[in-house]
Amino acid sequence: MTRLATFPDVLKPVRLAVGLLALAACAPTVRPEPPQAQAPAPGSIVSEQLEPLAPVDRTIKVALLVPLTGNAADLGQGMLDAAQLAMFDLGDDHFQLIPRDTKGTPGGATEAARAAIAEGAQLILGPLYSSSVGAVRPAVQGARLSMISFSNDQSQAGSGVWTIGFSPDDQVRRVVSYASSQGVNRIGAMVPRNAYGEVVSTALNDAARKAGARVVRTERYDAANTDFSAVVQALASGGPGSLDGVMMTEGGPKLRSAASLLPAFQIDPAQVRLLGTANMDDPTLGTEPALVGGWYAAPDPSARRDFERRFESVYGRRPPRLATLAYDAAALAAVLARSGGPAPFDPMALTNPNGFAGVDGIFRLRPEGLVERGLSVMEITPSGNRVIDPAPSSFQALGF
């Protein structure tokens, strides 16, 4: 059974205007007052009695497709709880969330989507997994609805489907742009031979070109590899001083292992800046000396900490990392639903160029189905990771 959130009076937060950067574009439509009925003149004959108008159902239904049973049930429940928190913050009495269990499978996701569509859902949030997004797409597009999925598989984006999972594109562009402004312009890269590695490599080359930097060499390795000696040796083949920075895509033990080998092959972390993606977003990495001073791009952690505290105070446990995706998607839906109009989730409204502000910072949905985020640049230190270049407060501040 799906658990519904309850909010004791002592825990009720003040409703916040989160996600309202696009308020001007989403202002409510002003509707004229209906004409007042006039009383009949004395002595006139009233020929017929008008039937009272039936009440208009103004309910706006939004489906949330997440795994509530199966191996990912805890993650799905956390995302549902976060979406309900967003409803409490920004929804009104006419906004209804329809949770449906995908069971963590493509077949379950398809069944869930069809049930939600039959119930009158006007927007689909989810599903989580790439294979489920592909399975659900025909039913959603057949109903002419939009879908904001939690996947980061950009191959699933487009034609009314958005993928808002954390993708390395924005992360690479942000950290490379900042690094170049600090004189890091000759970059080497270590990337796995898989889809993620290809995305990072493509984004790195594009970001370096735009920033006026150069990718000196890219070394690829098997994604299952745990010994990085040969990769680091090949990366260092240009000799000392040939690199200003090294892009590394791994996290956790693999990142520690690869970084610890750099000094042995004359890549001095004190002279060569380590760059990375949000896989570096781990406060314990500073215990590896070679990683201290590394830079990566990620959502501003301060807003997420506030969300995590609120979530824990209401539900009695910490939220899963991906819970913020569900909060921001539900908050966006609630804001657009409050704007009024017959089509609150029209693609023009969803892709407002001003974007929206959420728990993970500002974001906007692009017409091609991708998400663009405003990120902070973080630095790894022995005492934890710190912001060295704050996230922008608007997309205008980014100059695009």
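Given the structure is predicted, the values throughout are model-derived calculations rather than measurements.

Calculation criteria
Note on numbering: residues in each chain are counted from 1, in written sequence order. In view of the model being predicted, local features appear only for residues whose pLDDT reaches at least 70, and side-chain atom pairs are presented and counted only at 80 or more, with totals across whole chains, interfaces and linings using the full set of residues. Hydrogens and water are ignored here; the side-chain numbers use all heavy atoms of the structure. Under the scheme used here, helices are H or I runs from DSSP no shorter than 4 residues and strands are E runs no shorter than 2 residues, and both carry numbers assigned from the N terminus. With a 1.4 Å probe rolled over the protein chains alone, any residue whose accessible area is under 20% of its type maximum counts as buried; one over 50% counts as exposed, and the rest are partly exposed. Whether two residues are in contact is decided by their heavy atoms, any of which lying within 4.5 Å being enough. Note that accessible areas follow from Shrake-Rupley with a 1.4 Å probe, and for residues the cover is restricted to the protein chains shown. Here the rule is simple: two strands pair whenever DSSP picks up at least two bridges between them. Helix axes are fitted to C-alpha atoms over the stretch in contact, other axes to C-alpha atoms as well, and angles between N-to-C directions run from 0 to 180 degrees. In protein, a polar contact means a hydrogen-donor-capable atom and an acceptor-capable atom, both N or O and within 3.5 Å, with residues adjacent in sequence counting only if both atoms are side-chain atoms; elsewhere, any N or O pair within 3.5 Å suffices. Aromatic pairing here means that ring centres of Phe, Tyr or Trp (its six-membered ring) are within 6.5 Å. Orientation follows from the plane angle: under 30 degrees is stacked, over 60 is edge-to-face, and everything else is tilted. By definition here, charges over rings are those cases where NZ of Lys or CZ of Arg is within 6 Å of the ring centre and within 35 degrees of the ring normal. For every residue, the pLDDT score states the predictor's confidence, bounded by 0 at the bottom and 100 at the top. Each reported salt bridge corresponds to a side-chain nitrogen of Lys or Arg within 4 Å of a carboxyl oxygen of Asp or Glu. Here the word oblique covers every angle except those under 35 degrees (roughly parallel), over 145 (roughly antiparallel) and from 65 to 115 (roughly perpendicular). The handedness criterion is simple: a crossing whose near helix is rotated anticlockwise from the far helix by less than a right angle is left-handed, and one whose near helix is rotated clockwise is right-handed. Nonpolar residues are Ala, Val, Leu, Ile, Met, Phe, Trp, Tyr, Cys and Pro. Charged residues are Asp, Glu, Lys and Arg, and all others, Gly as well, are polar. Whether a crossover is right-handed comes down to one check: with the strands pointing away from the viewer, does the path from the first strand over the helix to the second run clockwise; if it does, it is right-handed.

### A look at the overall build of the protein
Next up, step 1: A count of helical and extended segments in the protein gives 11 helices and 15 strands.
Next up, step 2: Each of the 400 residues in the protein was classed as buried or not, and the buried ones make up 48%.
Next up, step 3: When contacts within the protein are restricted to residue pairs at least 6 apart in sequence, long-range pairs at least 24 apart make up 68% of them.
Next up, step 4: Carbon and sulfur atoms make up 53% of the accessible area of the protein, which totals about 19,000 Å².

### Re the sheet that holds strand β11 (residues 356–358)
Next up, step 1: Spatially, β11-β12-β13 is the arrangement adopted by the three strands of the open sheet, whose pairing is antiparallel. Pairing within the sheet leaves two strands with one partner each, and these edge strands are β11 and β13 (371–373). Averaged over all pairs of adjacent strands, the angle between strand axes in this sheet comes to 35°, irrespective of strand direction.
Next up, step 2: Pairing of β11 with strand β12 (residues 361–365), which is carried by three bridges, proceeds in the antiparallel orientation. Its bridge partner lying in β12, F356 is registered against F363.

### Re unusual backbone geometry
Next up, step 1: The peptide bond linking G126 to P127 adopts the cis configuration, its omega dihedral lying at 0°.
Next up, step 2: With respect to the helices, strands and loops of the structure, P127 is situated in the loop between β3 (123–125) and α3 (130–142).
Next up, step 3: The phi angle at R144 is positive, at roughly 60°, despite the residue not being glycine.
Next up, step 4: Here R144 shows up in the loop between α3 and β4 (147–149).
Next up, step 5: Here S159, not a glycine, exhibits a phi torsion of approximately 55°, which is positive.
Next up, step 6: By the element assignment, S159 lies in the loop between β4 and β5 (161–163).

### Concerning the pairing of strand β15 (residues 384–389)
Next up, step 1: Where strand β14 (residues 376–381) meets β15, five bridges bridge the pair, whose relative direction is antiparallel. Within the sheet, the bridge partner assigned to T381 lies in β15 and is G384.

### Quick word on the side chain of D244
Next up, step 1: You can see D244 is positioned in the loop between α6 (229–235) and β8 (245–248).
Next up, step 2: Among the residues examined, D244 registers a relative accessible area of 16% and is labelled buried.
Next up, step 3: Reaching out from D244, the side chain makes a polar contact with the backbone nitrogen of N185 at a distance of 3.2 Å.

### Things to note about the packing of aromatic side chains
Next up, step 1: Taken as a whole and assessed by the stated rule, the structure comprises six aromatic pairs.
Next up, step 2: Ring centres of Y178 and W295 lie 5.1 Å apart, and the angle between their planes is 65°; this geometry places the pair in the edge-to-face category. One end of the pair, Y178, is in helix α4 (residues 168–181); the other, W295, is in strand β10 (residues 295–298), with 117 residues separating them in the sequence.
Next up, step 3: Judged by its relative accessible area of 14%, Y178 falls in the buried class.
Next up, step 4: With a centroid separation of 4.6 Å and an interplanar angle of 50°, the aromatic rings of F311 and Y315 are classed as tilted. With F311 and Y315 both in helix α8 (residues 301–315) and four residues apart, this pair spans about one turn of that helix. Take F311 and Y315: they sit in the same class, and that class is buried.
Next up, step 5: Put simply, the rings of F307, F311, Y315 and Y327 touch in pairs and so form one group of aromatic residues.
Next up, step 6: The residue whose ring lies beneath R364 is F395, and the NZ or CZ to ring-centre distance is 4.1 Å.

### Digging into the sheet that holds β5
Next up, step 1: Ordered by their spatial adjacency, five strands build an open sheet running β2-β1-β3-β4-β5, and the pairing between neighbours is parallel. On the outer flanks of this sheet lie β2 (95–101) and β5, each paired with one strand and no other. Taking the axes of each pair of neighbouring strands and ignoring which way they run, one obtains an average angle of 20° across the sheet.
Next up, step 2: Of the strands in this sheet, β1 (60–66), β2 and β3 are in contact with helix α2 (residues 106–118), which crosses β2 at around 150°.
Next up, step 3: Its contacts with the sheet put α3 on β3, β4 and β5, and the angle it makes with β4 is roughly 170°.

### Some details on the confidence of the model for the protein
Next up, step 1: Mean pLDDT for the protein: 87, with 84% of residues reaching 70 or above.
Next up, step 2: Overall, residues 1–48 carries pLDDT values under 50, and its contacts beyond four positions in sequence, including any with other chains, amount to 58 contacts.

### Some remarks on the pattern of salt bridges
Next up, step 1: Evaluated as defined, the whole model comprises 20 salt bridges.
Next up, step 2: Residues D206 and K210 are paired through a salt bridge, measuring 3.3 Å at the closest nitrogen-oxygen approach. In this pair, D206 and K210 are both assigned in helix α5 (residues 195–211), four residues apart and thus about one turn of the helix distant.
Next up, step 3: Among the salt bridges present, the one from E372 reaches R366, with a minimum N-O distance of 3.6 Å.
Next up, step 4: Judged by its relative accessible area of 29%, R366 falls in the partly exposed class.
Next up, step 5: Taken together, the shared-partner salt bridges in this structure form one network comprising D170, R173, R364, R366 and E372.

### A word on the packing of α2 against α3
Next up, step 1: Packing of α2 against α3 leaves a shortest axis separation of 8 Å and a crossing angle of 30°. In terms of orientation, α2 lies roughly parallel with respect to α3. Considering how the two elements wind past one another, α2 and α3 form a crossing that is right-handed. Taking contact as the criterion, the partners of P106, A109, T110, A113, R114 and I117 in α2 are, on α3, S131, S132, A135, V136, A139 and V140.
Next up, step 2: For the contact of α2 with α3, a count of residues per class yields eight nonpolar, three polar and one charged.

### Describing the pairing of strand β6 (residues 186–192)
Next up, step 1: By the criterion of burial, β6 is predominantly enclosed, with six of the seven residues buried.
Next up, step 2: In this sheet, strand β7 (residues 214–221) lies alongside β6 in parallel orientation, the contact comprising seven bridges. Note that in β7 the partner of V191 across the bridge is R220.
Next up, step 3: Traced from β6 through α5 to β7, the parallel crossover comes out right-handed.
Next up, step 4: Where β6 meets β8, four bridges bridge the pair, whose relative direction is parallel. Bridge pairing in β8 places M190 opposite M248.

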